[in-house]
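Take a look at the letters that make up each chain.
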Amino acid sequence: MRRSITRALVAAGLVTGLGLAGCSTAAPPPAPTRAPPTPSSTPRTGAPTPTTGLLPPNVPTEGVRPPTENLSRAAEPQSAPTPTVPPAGRQVEVGDAPEGVVVDPVTRTVAVAKRNPNEVVLLDADTGAIRSRTPLPGFVRHLQLAAPGGPVLVPVESVNSLVRVSLPGGRADAPLFVGTVPHDATQAPNGTVFTADELGGTISAVRGDRVVKVFTDSVQPAGIVPVGNTVGMVDVRKNTLTTYDAEALRILGETPAGAGPTHMVADRQGRMIATDTRGNQILVFEPQSQGPGSPPRQVAAIAQPGGPYGITYDPVRNRLWVASSGTNELVGYDMANPQPREIFRLPTVQNPYTVGVDPATGRLFVAGVSTGVVQIIESP
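A.B. asks: Run through the sheet that holds strand S29 (residues 373-377), naming residues and quoting values.
C.D. replies: The antiparallel open sheet is built from 4 strands, whose spatial order is S2-S29-S28-S27. Each end of this open sheet is capped by a strand with a single partner; those strands are strand S2 (90-93) and strand S27 (352-357). Adjacent strand axes in the sheet meet at a mean angle of 25 degrees, parallel and antiparallel pairs treated alike.

So this is what it looks like as structure tokens:
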């Protein structure tokens, strides 16, 4: 079963994005650097780089940061009251402010990022028991898998670095400097890792242990996910979806993405799906609407009141799960067609900012940022 699931994930280009996590209302701490920054005004490849962020030395850039004077502030999750309905399933205490969750079906591991202290907690995906804790050098809000079996991609915001954590053992590699406050990280099938450097307005492309290109066309990048070697990123200030070619390392195109998008996953049909948190809806996109190299296009939308925020996708059952941050609910959709069809609605713990799913069992893992727990819900 595990091998067939892995093959399905690889074939669909969905080795990441199974547990995309959310931003939080808490502001990230000050961002010290792990490597000497390059001033953003320094000429690179013959032209200035218009970004407010830190840049690794001697790395080519592409893109122009747009004016920001008339842009809205980034969308944030709603603050939910204490649940009045008992949460479904059971709960495991993991520690302060869990906010990043990703599930690996191969090693049967759930990785959860938490704070005070900053750690990745590894749980058994079948029993919920805590296996180990991996110390981190700073503050983290998102986790993704590089591939089935790991490692976990850990963008450490407060040290401007990417850390890879192996599974199932939890060994952490040395931090790799990427950009200013990397909020999310994803890996394309060709092995290129992209980090969304939220407060620098950059996307860093990493091959091996080296940043090979920096895209400077965004303002505040957030959720990021691949469909094959096309990588999509939602910008929470521009309210757009931008796509990048992970092979040629170039910008492909951009399209509007609602009133306040935050996070994103991909489904097995090759679509990108975003939470429009401010717009209270889910948006569905074709990343290359007119063939290879073409820009993305929105193809469907469905209303979801309550500030939809945490999002994950089950490629085996073709189900999308989206948490409403303000109503303590998890909504499940069938994705047989571009238009999502609601099939489940489950009560959650308070402030469900992050959700992950185990494609082997359909089991759901919801991080309750306010209560320090991971909620475990058996497949409905």
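A.B. asks: Explain the side chain of Thr-354 residue by residue, including any values.
C.D. replies: When you line up the elements, Thr-354 lands in strand S27. The exposure class of Thr-354 is buried, given its relative accessible area of 0%. A polar atom in the side chain of Thr-354 sits 2.3 Å from the backbone oxygen of Glu-99.

A.B. asks: So what's going on with the packing of aromatic side chains? Residues and values would help.
C.D. replies: Scanning all chains against the criterion turns up 4 aromatic pairs. Aromatic side chains Trp-321 and Phe-344 sit 5.8 Å apart centroid to centroid with 15 degrees between the ring planes, which places their arrangement in the stacked category. In this pair, Trp-321 is assigned in strand S24 (residues 319-324) and Phe-344 in strand S26 (residues 341-347), connecting sequence segments 23 residues apart. Classification of Trp-321 by relative accessible area gives buried; the value is 1%. When its relative accessible area of 22% is taken as the criterion, Phe-344 is described as partly exposed. By the ring-pair criterion, three or more aromatic residues cluster together here, those being Phe-194, Phe-215 and Tyr-244.

A.B. asks: Could you give an account of the pattern of salt bridges, with specific residues and numbers?
C.D. replies: A side chain of one charge can pair with a side chain of the opposite charge when the charged atoms of the two come close. With the rule as written, the count across this model stands at 20 salt bridges. Between Glu-157 and Arg-141 there is a salt bridge; the shortest N-O distance is 3.0 Å. Of this pair, Glu-157 sits in the loop between strand S8 (152-156) and strand S9 (161-165) while Arg-141 sits in the loop between strand S6 (130-135) and strand S7 (144-145); the two residues are 16 residues apart in sequence, bridging distant segments of the chain. Per residue, the accessibility class of Glu-157 equals that of Arg-141, and both read buried. For Arg-341, the salt bridge identified is with Asp-334, shortest N-O distance 3.9 Å.

What counts and what doesn't
Residues numbered from 1 in each chain as written. Predicted model: local features only at pLDDT ≥ 70, side-chain atom pairs only at ≥ 80, totals over all residues. Heavy atoms only, no water. Pairing = 2+ DSSP bridges. Helix = DSSP H or I, 4+ residues; strand = E, 2+ residues; numbered from the N terminus. Axes fitted to C-alpha atoms, helices over the stretch in contact; angles between N-to-C directions. Buried < 20%, exposed > 50% of the residue type's maximum accessible area, 1.4 Å probe, protein only. Polar contact = N/O pair within 3.5 Å; in protein donor to acceptor, adjacent residues only side chain to side chain. Phe/Tyr/Trp six-rings, centres within 6.5 Å; stacked < 30°, edge-to-face > 60°. Salt bridge = Lys/Arg side-chain N within 4 Å of Asp/Glu carboxyl O.

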